[in-house]
Structure formats: structure tokens, C-alpha cells
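In case you want the letters, here they are:
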Amino acid sequence: MQAEPRATFLAVHSVTLSFGGIHALQDVSLEVSPGEIVSLIGPNGAGKTSLVNCISGFYHPQRGRIVFQGDDVTRWPPHRIATLGVGRAFQNVELFGRLSVLENLTLGRHRHLGYSLLQALGYYGRAQRDEVTARRRVEDVIDFMELEPYRHQPVASLPYGVQKRVEMARALALEPRLLLLDEPMAGMTVEEKEDMARFILDANAEWGISVLLIEHDLAVVMDLSQRVFVLNFGRLIAAGSAAEVAADAHVVEAYLGEEAVAP
Ligand SMILES: Nc1ncnc2c1ncn2[C@@H]1O[C@H](COP(=O)(O)OP(=O)(O)OP(=O)(O)O)[C@@H](O)[C@H]1O
């Protein structure tokens, strides 16, 4: 494992990932700076979730490197990357439906920090020592994400928009430095999207959390992101400010087809 200067927050170097003949990612490089909100956009199947899977350790690319705060995490398993401070909210809500909001956040925190279910439930060993800190964080997150009215309700009984909030809360309970959000607003009403955008901005401003956001709603992307990366067919085709990528002919073509590009 090769150490990198600590100045690097997240660096993706020439990552290539294939599934058989499908090239999900081809030579993709990007960097995220501390405290930044960046978005990853691109048409369906462009490779966005695959890249987030590589950063969070769910996939291991065939080529390239991923460096987080000086550690080469390219081959690390997900729970080990999570302990470094990389939190992830999944595209499809990945919660325990029959457990309450509070239980999901508490268990989620222990599971991702490497505790067994027995330790987490029985307050043994390491889990016991960290219990006070964990509870305080979970309470802070419930308050922050305005989940107090739902704290004892089974997650499966909640409206979809609230479940998506719990999914982000679960990631925040891990005290991440980098939050990977895979379509956190998909399927939400306009009001729910506005609330979610506020939660993302506040998490960034109040806790200094950097955010890598996958989002299809380009208005949201324009509002939230300091920089935008655009993938198409597994390749990075543009990077820059929201205004710059919106004006990029390759991006317009990727989204609207060749006829949209001016001659
Ligand atoms: N586990 C897998 N096995 C086989 N192919 C996969 C796997 N994961 C992703 N792919 C393929 O890799 C390509 C990129 O998929 P990915 O889900 O990363 O795209 P995406 O940009 O996130 O799409 P969407 O916006 O629809 O979520 C697609 O062709 C997809 O079918």
C-alpha cells in the first residue's frame, strides 16, 4: 500500500471496471476536495453507481486506484472504507423494514463499524465502550433529519420519501467525512426534494461533510453542486462548474442525442 500526501481527500485514478464484455467504467479519473459538494451525472447505465460502488468498496476495479485521505482503498472491503469516514446512502433503500428508525440508525452504526449483531444488541466489548457516543450521534442525526416523529415506527410503515431520509440518516450516523448519495431524491415530491436539498447543504455547512451526489434532476444538480462530473458509456466526458458542463456539446449530445448539437 502506497501512502499519498494527506492533501488528497478523494482521488480516483484511471479506474476501469468491466463485467464480462460490459465496460462499466473506462479510465475514469476525478478528485473531490474537502468540504466540496460534487455531482455525478449521466444517462442511465453510464456507470455512476458502479463508480460509487468502487469508491465504497462494493466493487473492485480491474485497473486504477482509489485513494481516500492518503490511504489506497482500492481493494479494501466496504466496512473498512466506512470506518475511514465514507458514508453511503443507497439508491434502493437498504434498511431493516421491521425495525424502527432508531433501531436502524443504531444497528447501522454498529454494523458498519465492524461490530457483530450480538455485540451491538448486547452492549458487549467495544460496542459498550462506544455506546454513549453512538447514542448521542444517533440522536443528533434524528434531530438534524427531522425524524423525531417517526423514531419508534417500523421503517417499512413510513412513506417512501421519509424512508429515503432515514437512508441518508443511517449514513450520517457513521459520522462520515465523505457522503456518497445515490439518487437520494428519486421518487420524491417537489417539497420532499427541497427538504432533502436543504439537508444535504446543511450537512455540508454544519458538519463539513463532503458530498458526492448522483442525481438525475439537473435543476437540483445545478443548485447544489460546486462541480459536476459527467459520465457516458463508462467514460468521463466532461467536468467543471454546473454552467460549464451544461454548455458542453458532448454533454448535450449524451443527454439529448446527436441532433441537439449545433453544427
Ligand atoms: N453487477 C453487475 N453485473 C453486470 N453488469 C453490471 C453490474 N453492475 C453494473 N453493471 C453494468 O454496468 C453498466 C453501468 O451501470 P451503472 O448501474 O453503474 O450505471 P448508472 O449510471 O448508475 O445507471 P442508472 O442511472 O440507471 O442507475 C451498465 O451497463 C450495467 O448493466
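Residues numbered from 1 in each chain as written. Predicted model: local features only at pLDDT ≥ 70, side-chain atom pairs only at ≥ 80, totals over all residues. Heavy atoms only, no water.

1. Structural notes on the overall build of the protein chain
Secondary structure assignment for the protein chain yields 11 helices and 10 strands. Considering only contacts within the protein chain whose residues lie at least 6 apart along the sequence, 67% involve residues at least 24 apart. In the form shown here, the protein chain has an accessible surface area of approximately 12,400 Å², with 52% of it arising from carbon and sulfur atoms. (Helix = DSSP H or I, 4+ residues; strand = E, 2+ residues; numbered from the N terminus. Contact = heavy atoms within 4.5 Å. Areas by Shrake-Rupley, 256 points an atom, 1.4 Å probe, with all protein chains shown as cover.)

2. Description of the site of the ligand
Close contacts around the ligand come from 15 residues, with Gly 45, Gly 47, Lys 48, Thr 49 and Ser 50 the closest. Note that an oxygen atom of the ligand is positioned 3.0 Å from one of the backbone N or O atoms of Ala 46. In this structure, Tyr 59 approaches the ligand through a side-chain N or O atom, which is 3.0 Å from a nitrogen atom. Computed on the free molecule, the ligand has an accessible area of 640 Å², of which 66% lies beneath the protein chains in the complex. If you list the elements that add at least two residues to the shell around the ligand, you get strand E2 (22–32) and helix H1 (48–55). The element contributing the most residues to the shell around the ligand is H1, with three residues. Class assignment of the residues belonging to the shell around the ligand gives a composition of six nonpolar, seven polar and two charged. (Near = heavy atom within 4 Å. Polar contact = N/O pair within 3.5 Å; in protein donor to acceptor, adjacent residues only side chain to side chain. Nonpolar A, V, L, I, M, F, W, Y, C, P; charged D, E, K, R; others polar.)

3. Some details on the side chain of Asn 204
Assignment of secondary structure puts Asn 204 in helix H8 (residues 190–207). When its relative accessible area of 15% is taken as the criterion, Asn 204 is described as buried. Ignoring sequence-local partners within four residues, the contact set of Asn 204 consists of Gly 35, Glu 36, Ile 37, Ile 209 and Ser 210. (Buried < 20%, exposed > 50% of the residue type's maximum accessible area, 1.4 Å probe, protein only.)

4. A word on the nonpolar core
One finds Met 145, Val 166, Met 168, Leu 172 and Ile 200 to be the most contacted residues of the largest nonpolar core, which totals 35 residues. Ranked by the residues each element gives to this core, the list is headed by helix H7 (residues 160–172), at six residues. When residues of this core are assigned to domains, at least three fall in each of domain 1 (1–85 + 176–263) and domain 2 (92–174). When residues no more than four places from it in sequence are discounted, the contact partners of Met 168 are Ala 89, Met 145, Leu 179, Leu 181, Met 196, Phe 199 and Ile 200. Core analysis: the next-biggest nonpolar cluster, separate from the first, contains 30 residues, Phe 9, Leu 17, Leu 178 and Phe 229 among them. (Core = buried A, V, L, I, M, F, W, Y, C linked by side-chain atoms within 4.5 Å. Domains from an automatic or database assignment.)

5. Some thoughts on the environment of Glu 183
Turning to its location among the elements, Glu 183 is positioned in the loop between strand E7 (178–182) and H8. Here the alpha-carbon distance between Glu 183 and Leu 40, two residues 143 residues apart in the chain, equals 10.0 Å. Leaving out residues up to four positions away in the same chain, Glu 183 has contacts with Gln 91, Lys 164, Ile 214, Glu 215 and His 216.

6. What about the environment of Asp 182?
Along the chain, the position of Asp 182 falls in strand E7. Filtering out sequence-adjacent residues up to four positions away, Asp 182 remains in contact with Thr 49, Arg 88, Ala 89, Phe 90, Gln 91, Lys 164 and Ile 214. A polar atom in the side chain of Asp 182 sits 2.9 Å from the side chain of Thr 49.

7. Examining the packing of aromatic side chains
Applying the stated criterion across every chain yields a total of five aromatic pairs. An angle of 70° between the planes, with centres 5.2 Å apart, marks the rings of Phe 19 and Tyr 59 as edge-to-face. Here Phe 19 is found in strand E1 (residues 10–19), whereas its partner Tyr 59 is found in the loop between H1 and strand E4 (63–68), with 40 residues between them in sequence. What makes Phe 19 partly exposed here is its relative accessible area of 37%. (Phe/Tyr/Trp six-rings, centres within 6.5 Å; stacked < 30°, edge-to-face > 60°.)

8. Focus on the pairing of strand E10 (residues 235–240)
Taken together, the five bridges between strand E9 (residues 227–232) and E10 define a ladder with antiparallel strand orientation. Residue pairing across strands places Val 230 opposite Ala 238, the latter belonging to E10. (Pairing = 2+ DSSP bridges.)

9. Section: the pairing of E4
Relative to E4, E1 runs antiparallel, the two sharing five bridges. Opposite Leu 10, over in E4, you have Phe 68 as the bridge partner. The pairing of E4 with strand E5 (residues 71–72) spans two bridges and is antiparallel. Of the residues in E5, the one forming a bridge with Val 67 is Asp 72. Adjacent in sequence and paired antiparallel, E4 and E5 are bridged by two residues, among which Gln 69 carries a positive phi angle near 45°.

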